[in-house]
Number of protein chains: 2
Amino acid sequence: MAEFSVIGKPFPRIDAKAKAMGDAKYTADMRLPGMLYGKVLRSPFPHARIRQIETARAKGLTGVRAVITAADTPKIKYGLVVDDELPLCDDRVRYVGDEVAAVAAIDRDTAEEALDLIEVEYEELPAVFDPEEALRPGAPVLHEQFPNNVASHLNFERGDIEAGLREAAVVLEETFRTQCHHQYYMENVAALANWSEGKLTIWCPLQFLEIPRQLLAKALNLRLSDIRMIQAYVGGGFGGKLDQKLPVVTALLALKSRRPVLCEHTREEEMQAARPRVPMIIRLKMGARKDGVITAKDTQIIADNGAYSNWAQGILSTAATRVDSAYRYRNIRTDAKLVYTNKTPTGAFRGFGNPQITFAVGSMIDMLARELGIDPAEMHRKNATQTGDVTAHGWVINSCGLTECIDRALERIGWPAKRQQKTFGRGLGVACAIHVSGNRIIGDYDGSAAFVKLNEDGRANVICGEGEIGQGANTIFAQIAAEELGVRYEDVDMSVADTDVTPFALGAWATRVTAIGGNGVRMAARDAKRQLLEAAAEKLEANPDDLVIREGVISVKGLPGRSLTVADAVKASMYKKGGTPVIGRGQFSVDTTVQVGKEKFGNIAPAYSFACQVAEVEVNPETGVVKVLRVVAADDLGRALNPLSAEGQVEGGVVQGLGYALCEELVFEDGRVLEPMEYEVPTAWLAPNVESILVEPIDPFGPYGAKGTGETPLVPVAAVIANAVCDAVGVRITSLPITPEKIRKALKAKQEAAGR
Amino acid sequence: MAEFSVIGKPFPRIDAKAKAMGDAKYTADMRLPGMLYGKVLRSPFPHARIRQIETARAKGLTGVRAVITAADTPKIKYGLVVDDELPLCDDRVRYVGDEVAAVAAIDRDTAEEALDLIEVEYEELPAVFDPEEALRPGAPVLHEQFPNNVASHLNFERGDIEAGLREAAVVLEETFRTQCHHQYYMENVAALANWSEGKLTIWCPLQFLEIPRQLLAKALNLRLSDIRMIQAYVGGGFGGKLDQKLPVVTALLALKSRRPVLCEHTREEEMQAARPRVPMIIRLKMGARKDGVITAKDTQIIADNGAYSNWAQGILSTAATRVDSAYRYRNIRTDAKLVYTNKTPTGAFRGFGNPQITFAVGSMIDMLARELGIDPAEMHRKNATQTGDVTAHGWVINSCGLTECIDRALERIGWPAKRQQKTFGRGLGVACAIHVSGNRIIGDYDGSAAFVKLNEDGRANVICGEGEIGQGANTIFAQIAAEELGVRYEDVDMSVADTDVTPFALGAWATRVTAIGGNGVRMAARDAKRQLLEAAAEKLEANPDDLVIREGVISVKGLPGRSLTVADAVKASMYKKGGTPVIGRGQFSVDTTVQVGKEKFGNIAPAYSFACQVAEVEVNPETGVVKVLRVVAADDLGRALNPLSAEGQVEGGVVQGLGYALCEELVFEDGRVLEPMEYEVPTAWLAPNVESILVEPIDPFGPYGAKGTGETPLVPVAAVIANAVCDAVGVRITSLPITPEKIRKALKAKQEAAGR
């Protein structure tokens, strides 16, 4: 890797020390003079009419500075795609946890006490919890503008599905169900809002700022620029911090009290009223030829949106299309509905709708292979998308390492040998995934911009609003800026995202930050470098094109004696007649296409990542307990700009995927989360040795050939585990999580069927 | 003024409401979690050796978190021009107030208590308080590297001084003395420092950030970029907040305690240990022809630097040269010395060294005119510099409204008529001034840079580090950006100066911000406008050159129907294939010259402001009390970008000048300020009606023809008043302030002389 000085090196995260030492201040650690503490009163009913709210007693409590209800808001509905949400419920609540009122007081105890003094008179309404029931005529309707409870409906066909099914040697049909899965970030959602100097400033750990700012401006009926959002440290996001109600309510409390207000979710609120993963019911019908080539894929999706949409339309769209570009499908038909129910609103979670559909399709490919008597790995390889393909949805695949991922994962685990030594209770599974590096889902902007400012000591400040959410964005950006400028990694500082200062940025979602944000930073650094080299060339009496920068030293190619430090070049640029400080600007834009209408056709991302995972499991047929022995995760992420960070993403994604596959589930009863504090996330005992293989085809788009890898590693895990369990004990679990109970039940049913 | 929409209009200050409503948070209002309060232990002796410092008892006090002495510092001397200062005194103290130790504790009381527990053993040394005495052989030496106590010595001659004196019809010689004058800003100096995440962040009300950051990095032995400085609201600066020790000590306390630390001067500390104006002894010998043309000017200056220099070399240089470009001198000789004494270090104050020398020269011209029997106003007019002149020091005068200033000021006050109705006890005075708009004094950079970022609601953020110190810089910048972009004044937001985010900026001194900073902002706004017009042109199917923007609407020239809001153009730029957010960058540089060596020759500023003031006073010959009846201040400031703000500067400058002329003085006794809390600043009774006349020659350099006017109005006041007093009662007061006592004494001496 002599080609690069900084890129491709396993630097520790730029914020690792601050986080490990407790030096990083999260939102809940912040204090402002005169700051109040806010609390939210939530609906105890899944569906009810609000007859009356009496706040006088709460307002009268000593230490209370503001009590707000919908009456204190402009009552403007807002939402990312459809406007279905109010900051505080007006005449109706639609889920247990819905925001009814809020209080700001001089301390948390007083705020909580005040909540108890707010009297709300409800009239309970019939509720619906099951999305299939919600679709039936006569079901309770959540939003008048959606009389069938359908928040989104996609329907499209590519090729000729009937011909494809006719061409198949085998056609299978199955229904898969995925659960409600919580992001379970370590840091609870919090927000600090301050209305001061005619401006509302909000510090919060959202994954991006600009879109929430737009929504907030709409909901609060403020001008966009009246709001300044500053990203605080994010203690885990995983999609869950794309959309949160709390900053909106906190802002309202600050506006009302004219004091700084801090709000923080309790863990119970996180489980009941945050935005967990959209559960889906997926009916899949697929056919394949004898040789394993897939001939047809017919999909029906019913997605459970809970009470409000926000990001869920995009998630449905992802589930309806994403996996289709991993394979060379010709005949596809999809019908997908997003359905309101009186439950916690669901939303974005690492992988978006992709883990749901990949669980179904990855399981189905395995089923087809077994039916055809061929190696499922072979079936993945045979159908795999290749570099140069334009997929069924019009995606342009400029780099694809999927086949290499499959080959290297199989090789690492010793696939053929292991498959031959088959013993009952031990099994191997394989599945694949595709994911985007960026996505034109919000409006039709996709790009990134940054400034790079050089200091007289030769160090650089990158001013960029993409934001760090714990995924390592700032580490990658610092590496890119360092590489481009020719300075050391330690000599780059990253700004925090701040809507008043950092250029407009779409932020951390759709695995877009490295590929798209990275290009913005790279352009800004290049622009700064040009200024630097011009100044250095004058000093060194050389042509700027003949200069190279390495480790902070600028020298004339081939003349090692003629050199100048970057620090001196910054000074040389500035300290002269007509001199200026070195400030670079990058404005990078992506030439992709917004998917047009319901047809969802067009190249949505500038690059695509691929993955193949194989796992070996041991299933105890008595208890149903699955022990994951090994997971080999091969990820095509283009060039790995920081292998240490990439491997961290892979390991984290696999373990979070194992939670999705095996144990995590928000179980609802009459709209209430059962035992929210007993939610089971993977702990050390569940986490196996994750072996990461980085497959690095150089992508023509991404900076230095990089693509994103934040979400891909989670996507195939559930299918891999389902396939491995089936391989181990012969039962196909089609709903997540794959609990011991489900395995025991399936084994029992199988025995009974065999016994008959 | 149909030419402009925003420029030239009397908009209220952008921060007026926040300041008036108490919404603006100053440094001392800030709080950080875990914050400590710091206090400084100061020397009670003007000159002493530190034998020993015992801090154990202070450290042992409950609530004390850090006690620091020089032993806790790298002991690196620093300074702007010469390195003569340590953050904390090592083995010697050099003035009453010198920083010896500091404490950080959980509250102010504890910190103060801890100060009392620090035991310092001093050995008193002979001290010197008078600069003339300090020059004598055998005088106590303050700094070994300056064995004669001379911190700076300038000596130069232009033309032929002896020939000039021979050519004169009259030659007068006089010694003028100016006092130590305190800036008396409303907000005491404060600093908040936090060492966190490997970075030292300092919030403070300094007038600029980058140079103090360089000095701090040197003093603390840190890398420049390890320090982030953020400008807090500045509650008045007037030069006094260019250089302060407190941020350095606060930083040391934060480094030691690893906690945020807030320090704030008491008013007593302000008076004893801040950086008041450099007092000067000026021996002036001037000759003039019969017609009033000045033929020679021979100047000797002895400036009292107090114990440490920092900005004083530049102040001496200003005193030695500035006034020479107001008039068409041909023969000049100057010898100027800056001398250390064991008193409070003196430094920058509105006007720099210019009010001192202008008091002397303005008085002398009046004396010459009286001697020659001509109208002093006529003498100013006759010698006045004109547009197109290159002055004796090589200054290039591209616009000069001095003659117009003289004419209009005289006309307004009714000069000839009033002079004819002469009565004893009433008098008229006149004097003139020149000042720079920018100055190459620090290194050889002079320029400014900014970013302008447009929001989707059509509003703009100007990201600029020049800083607002109460002078109205942000108001002017917002107007410039609004004018250039074609949006409303209210639609521009200003950033705060922040070394991690805002481009390198020299900040608020030398009246440079409007002219130089304004051009930086203008270029950035223009760059943003270009991007905006390109996007709009595409939408409107027009040529960008055919578009105009007014009040946030872009329209095609001559086709009023074809239009688009700026908000929509921002969106149009971004929300398209290949679209980008609108982010402008401006890098503006000034093509002036650094004055070379001791000769001080060269064009130091891109533009020069001029002023003429006339005043009418009433002097009570019994009491000596001067009542200022009227001041007419005519200021050539180029185009007045905001007349309201400009007039505010003029009125404030004149009143501050009246304090300088009539009452303000820090009186020292054995190095101690006498009655520091009785320092007398002008109050309403002293302040006359100040009539401001804005003379607006369009300057080719400044934005829209503007020049600076922050300092000029203070410069001539003392001479005007001295001349008016002389005109009223026939006595010439040659030392400031012109107190009733001095007038009484002079009148008495005159009577006695007449009686003899």
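The residue count restarts for each chain, going from 1 along the sequence in the order it is written. Chain letters start at A and ligand numbers start at 1, both assigned in the order the entries are written. Thresholds applied to this predicted model are a pLDDT of at least 70 for local features of residues and 80 or more for the giving and counting of side-chain atom pairs; totals over whole chains, interfaces and linings are not thresholded and use all residues.

Chemist: Describe the overall build of chain A, and please don't skip the residues or the numbers.
Modeler: Broken down by element type, chain A carries 19 helices and 28 strands. The globule rule used here is 2.2 Å times the number of residues to the 0.38 power, and the radius of gyration it is set against is calculated over C-alpha atoms. Computed over C-alpha atoms, the radius of gyration of chain A comes to 27 Å, within 12% of the 27 Å expected from 2.2 N^0.38 for 756 residues, which places it in the range of a compact globule. The principal-axis extent of the C-alpha atoms belonging to chain A is close to 95 × 75 × 45 Å. Exposure classes come from backbone-placed C-beta atoms, where a residue is buried if 20 or more other C-beta atoms lie within 10 Å of its own, exposed if 12 or fewer do, and partly exposed in between. By residue count, 63% of the 756 residues in chain A fall in the buried class. Think of it this way: build a C-beta for each residue from its backbone, and any pair within 7 Å is a contact. For chain A, the share of sequence-separated contacts (at least 6 apart) that also reach a separation of at least 24 residues comes to 81%. Per the convention used, a helix needs a DSSP run of H or I reaching at least four residues, while a strand needs a run of E reaching at least two, with both numbered from the N terminus.

Chemist: Any details on helix 14 (residues 473–485) of chain B? Residues and values, ideally.
Modeler: All names here are of chain B. Each helix should span, by expectation, one fewer than its residue count multiplied by 1.5 Å. The terminal C-alpha atoms of helix 14 lie 18 Å apart, and with 13 residues this matches the ideal 18 Å at 1.5 Å per residue to within 8%. Counting buried positions along helix 14 gives 13 out of 13 residues, so the element sits mostly inside the fold. Downstream of helix 14 by a residue or two, Gly486 has a phi angle that is positive, lying close to 80°.

Chemist: Outline the domain arrangement of chain A, listing residues and values.
Modeler: Residues and elements named next belong to chain A. Residue ranges for the domains trace back to a domain assignment, done automatically or taken from a database. For chain A, the assigned domains are domain 1 (16–23 + 447–589), domain 2 (31–125 + 186–236 + 241–273) and domain 3 (350–436 + 599–755). Once you take the C-alpha centre of each, domain 2 and domain 3 turn out to be 38 Å apart. In this complex, domain 2 contributes seven residues to the contact, which on the side of domain 3 involves eight residues. Three categories are distinguished: nonpolar for Ala, Val, Leu, Ile, Met, Phe, Trp, Tyr, Cys and Pro, charged for Asp, Glu, Lys and Arg, and polar for the others, with Gly belonging to the last. Of the residues that constitute the side of domain 2 that touches domain 3, the class distribution is four nonpolar, one polar and two charged.

Chemist: Just give me the short version of the pairing of strand 3 (residues 64–68) of chain B, but keep the residues and values in it.
Modeler: Residue and element names in this part refer to chain B. The buried count for strand 3 comes to five of five residues, which makes it a mostly enclosed element. DSSP bridges decide pairing: two strands pair if at least two such bridges lie between them. Summarising the sheet, strand 3 and strand 5 (residues 99–105) pair through four bridges and their orientation is antiparallel. Looking at strand 5, one finds that Ala66 is bridged to Ala104.

Chemist: Residue-level account of the packing of helix 11 (residues 376–383) of chain B against helix 12 (residues 402–413) of chain B, with values.
Modeler: All names here are of chain B. As a rule, the C-alpha atoms of each element are fitted with a line to give its axis, helices using only the stretch in contact, and angles between N-to-C directions run from 0 to 180 degrees. Relative orientation of the contacting elements helix 11 and helix 12 amounts to 160°, with a least axis distance of 9 Å. On the basis of the axis angle, helix 11 is roughly antiparallel to helix 12. Helix-helix and strand crossings are classified by hand; for helix 11 and helix 12 the assignment is left-handed. Between helix 11, through Ala377, His380 and Arg381, and helix 12, the contact on the second element is made entirely by Thr403, Ile406 and Leu410. Split by residue class, the contact of helix 11 with helix 12 holds three nonpolar, two polar and one charged. The scheme is simple: roughly parallel for angles under 35 degrees, roughly antiparallel for over 145, roughly perpendicular for 65 to 115, oblique for anything else. Crossing chirality is assigned from the near helix's rotation relative to the far helix, an anticlockwise turn below a right angle marking it left-handed and a clockwise turn marking it right-handed.

Chemist: Account for the interface of chain A and chain B, with residues named and values stated.
Modeler: If you look at the interface, chain A gives 45 residues, while chain B gives 45 residues. Where the side of chain A that touches chain B is concerned, the elements lending two or more residues are helix 1 (16–20), strand 17 (447–454), strand 18 (460–464) and strand 23 (583–589) of chain A. Residue composition of the side of chain A that touches chain B, by class: 15 nonpolar, 13 polar and 17 charged.

Chemist: Describe the relation of the copies chain A and chain B, with residues and values.
Modeler: The fit set for superposing copies consists of C-alpha atoms from residues with pLDDT of at least 70 in both; the fit itself is least squares. Of the two same-sequence chains, chain A is brought onto chain B (RMSD 0.0 Å, axial shift 0.0 Å) by a rotation of 180°. Seen this way, the second copy is the image of the first under a two-fold rotation axis. The fraction of interface residues of chain A whose copies in chain B are also interface residues reaches 100%, indicating that both copies meet through the same surface.

Chemist: How would you sum up the nonpolar core? Please name residues and give values.
Modeler: By definition, a nonpolar core groups buried Ala, Val, Leu, Ile, Met, Phe, Trp, Tyr and Cys residues that connect through C-beta atoms lying within 7 Å of each other. Counting 528 residues, the largest nonpolar core has Ile721(A), Val725(A), Ile721(B) and Val725(B) as the members making the most contacts within it. The contacts of Val725(A), once residues within four sequence positions are left out, are Gly427(A), Val617(A), Val619(A), Val626(A), Ile733(A), Ile738(A) and Ile743(A).

Chemist: So what's going on with the environment of Pro697(B)? Which residues, and what values?
Modeler: Residue and element names in this part refer to chain B. Considering the arrangement of structural elements, one finds Pro697 in the loop between strand 28 (689–695) and helix 18 (717–729). According to the C-beta neighbour criterion, Pro697 is buried, with 20 such atoms within 10 Å. When the C-alpha positions of Pro697 and Leu402 are compared, they lie 9.9 Å apart, and in sequence the two are 295 residues distant. Among residues more than four places away in sequence, those in contact with Pro697 are Ser399, Cys400, Gly401, Asp636 and Gly638.

Chemist: Lay out the sheet that holds strand 8 (residues 170–177) of chain A in plain terms, naming residues and giving numbers.
Modeler: Residue and element names in this part refer to chain A. Taken in spatial order, the five strands make up an open sheet running 7-15-14-13-8, and their pairing is mixed. Each of the sheet's edge strands pairs with one partner strand only, and the pair in question is strand 7 (150–158) and strand 8. For this sheet, the mean angle separating the axes of adjacent strands, direction not counted, is 5°. Relative to strand 14 (residues 294–306), strand 13 (residues 280–288) is paired through nine bridges, and the arrangement is antiparallel. Residue pairing in the sheet places Leu284 in a bridge with Thr299 of strand 14.

Chemist: Account for the packing of helix 15 (residues 513–540) of chain A against helix 16 (residues 566–574) of chain A, with residues named and values stated.
Modeler: Residue and element names in this part refer to chain A. Interaxial distance between helix 15 and helix 16 falls to 8 Å at its minimum, and their mutual angle equals 90°. By the criterion of interaxial angle, the relationship of helix 15 to helix 16 is roughly perpendicular. Facing Gln531, Leu532, Ala535, Ala536 and Lys539 of helix 15, the residues of helix 16 in contact are Val566, Ala569, Val570, Ala572 and Ser573. Residue classes in the contact of helix 15 with helix 16 are distributed as seven nonpolar, two polar and one charged.

Chemist: Describe the sheet that holds strand 10 (residues 199–204) of chain B, and please don't skip the residues or the numbers.
Modeler: Residue and element names in this part refer to chain B. One open sheet holds the seven strands; their spatial order is 3-5-1-12-9-10-11, and the pairing between them is mixed. Edge positions in the sheet fall to strand 3 and strand 11 (227–231), since each of these pairs with one other strand and no more. Put simply, the sheet's adjacent strands are angled 20° from each other on average, direction ignored. The pairing of strand 9 (residues 190–196) with strand 10 spans five bridges and is antiparallel. Opposite Ser196, over in strand 10, you have Lys199 as the bridge partner. Its contacts with the sheet put helix 7 (residues 246–257) on strand 1 (36–42), strand 3, strand 5, strand 9, strand 10 and strand 12 (261–264), and the angle it makes with strand 9 is roughly 30°.

Chemist: Lay out the environment of Val189(A) in plain terms, naming residues and giving numbers.
Modeler: One can find Val189(A) in the loop between strand 8 and strand 9 (190–196). Setting aside residues no more than four positions away along its own chain, Val189(A) makes contact with Pro205(A), Lys241(A), Gln244(A), Leu246(A), His265(A), Glu270(A) and Ala274(A).

Chemist: Before we move on, could you go through helix 12 (residues 402–413) of chain A and cite the residues and values that matter?
Modeler: All names here are of chain A. For helix 12, which comprises 12 residues, the first-to-last C-alpha distance of 17 Å matches the rise-based estimate of 16 Å (1.5 Å per residue) to within 8%. Of the positions making up helix 12, those classed as buried are Leu402, Thr403, Cys405, Ile406, Ala409, Leu410 and Ile413. Down the axis of helix 12, the sector holding all buried residues measures 160°, keeping them to one side. Contacts made by the buried residues of helix 12 are with helix 11 (376–383), helix 13 (415–420), strand 16 (426–436), strand 24 (608–619), strand 25 (626–636) and strand 28 (689–695). When we speak of the arc, we mean the arc of directions from the helix axis to the C-beta atoms.

Chemist: Describe unusual backbone geometry, listing the residues and the values that go with them.
Modeler: Cis geometry marks the peptide bond from Leu736(A) to Pro737(A); its omega dihedral reads -5°. Assignment of secondary structure puts Pro737(A) in the loop between helix 18 (717–729) and helix 19 (740–755). In the Ramachandran plot, Tyr184(B) falls in the positive-phi region, its phi being about 50° despite a non-glycine side chain. Its location among the elements puts Tyr184(B) in the loop between strand 8 (170–177) and strand 9. The residue Phe352(B) is not glycine, and still its phi comes out positive at about 60°.

Chemist: Summarise the environment of Glu378(B); cite the residues concerned and give the values.
Modeler: Residue position: Glu378(B) is located in helix 11. With 296 residues separating them along the chain, Glu378(B) and Val82(B) place their C-alpha atoms 43 Å apart.

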